[in-house]
Amino acid sequence: MKIPASLKIILLVLLIFSCRRAKSPEEDSSVIWDKYSYRDYNGCLFVSHDEKSRELRCVLCADVAGIKGRMRMTHPCTEIQFRNLDKKLKEMGASRLESQSLPDFSDYPDLSMYLTFVISRDELHEIWKSLGLEE
C-alpha cells in the first residue's frame, strides 16, 4: 500500500529523530521545549536540546486521519545542528510558536512504540540528512 504524500510529510516530521525513545520528557520541568505548529495535521512538534548528552529530544503530537497520538524520540545533535534545526523545520512548513517548560501531551496517547512499523531505517537516514543531523 502506497503512503499518501500528506501522511509522508507528517511521518517525516515524526521521524526526524532516531527510534530511541526519550526518557519521560513530560516530567522534566528543567527542559525548555520549542513548540512548532503543523496546521495541516492538527498537530505540533516540541523539540529541546540536552547539551549534556548532546541529544535532540522530540515529541510530535498529531491527529492524522482521526488517529490522535504522540511520538517521543531522540537523536544525537550538536549545539550547532540544533541552532540550524529551526531554519530546516520552517523550510518544511512548520511555524514556530512559544517555548515552554512543561508542554501538555495529555490529549495524545504515546504511540512511540509503533515508529519502526511506519518507516524504514533508510527513510529515517534521509530525513535526518535533510535536517542536517546526519551526512
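Each chain has its residues counted from 1, following the order in which its sequence is written. At least 70 in pLDDT is required for a residue's local features to be given in this predicted model, at least 80 for side-chain atom pairs to be given and counted, and no such filter applies to totals for whole chains, interfaces and linings, which use all residues. Only hydrogens and water are set aside; all other atoms, that is, all heavy atoms of the structure, feed into the side-chain values.

Observations concerning the packing of aromatic side chains
Turning to step 1, where the next piece is worked out: Working definition: rings of Phe, Tyr and Trp (its six-membered ring) pair if their centres are within 6.5 Å, and the pair is stacked with planes under 30 degrees apart, edge-to-face with planes over 60 apart, and tilted otherwise. Taken as a whole and judged by the stated rule, the model has two aromatic pairs.
Turning to step 2, where the next piece is worked out: Residues Trp33 and Phe105 carry aromatic rings whose centres are separated by 6.4 Å and whose planes lie at 85 degrees to one another, so their mutual orientation is edge-to-face. Here Phe105 lies in the loop between β5 (95–100) and α3 (115–118) and Trp33 lies in strand β1 (residues 33–38), a separation of 72 residues in the sequence. For the residue pair Trp33 and Phe105, the accessibility class agrees, reading buried in each case.
Turning to step 3, where the next piece is worked out: With centroids separated by 5.2 Å and ring planes inclined at 80 degrees, the aromatic side chains of Phe46 and Phe105 adopt a geometry described as edge-to-face. Here Phe46, found in strand β2 (residues 43–50), pairs with Phe105, found in the loop between β5 and α3; they are 59 residues apart in sequence, far enough to count as distant. For the residue pair Phe46 and Phe105, the accessibility class agrees, reading buried in each case.
Turning to step 4, where the next piece is worked out: By way of ring pairs, the aromatic residues Trp33, Phe46 and Phe105 are connected into one cluster.
Turning to step 5, where the next piece is worked out: For Lys68, the ring lying beneath its charged end belongs to Tyr108, and the centroid distance is 5.1 Å. Helix and strand definitions here come from DSSP, where helices need a minimum of 4 consecutive H or I residues and strands a minimum of 2 consecutive E residues; each element is numbered from the N-terminal end. Burial status follows relative accessibility: with a 1.4 Å probe on protein chains alone, a residue under 20% of its type maximum counts as buried, one over 50% as exposed, and anything between as partly exposed. A ring is scored as having a charge over it whenever the NZ atom of a lysine or the CZ atom of an arginine sits within 6 Å of its centre and within 35 degrees of its normal.

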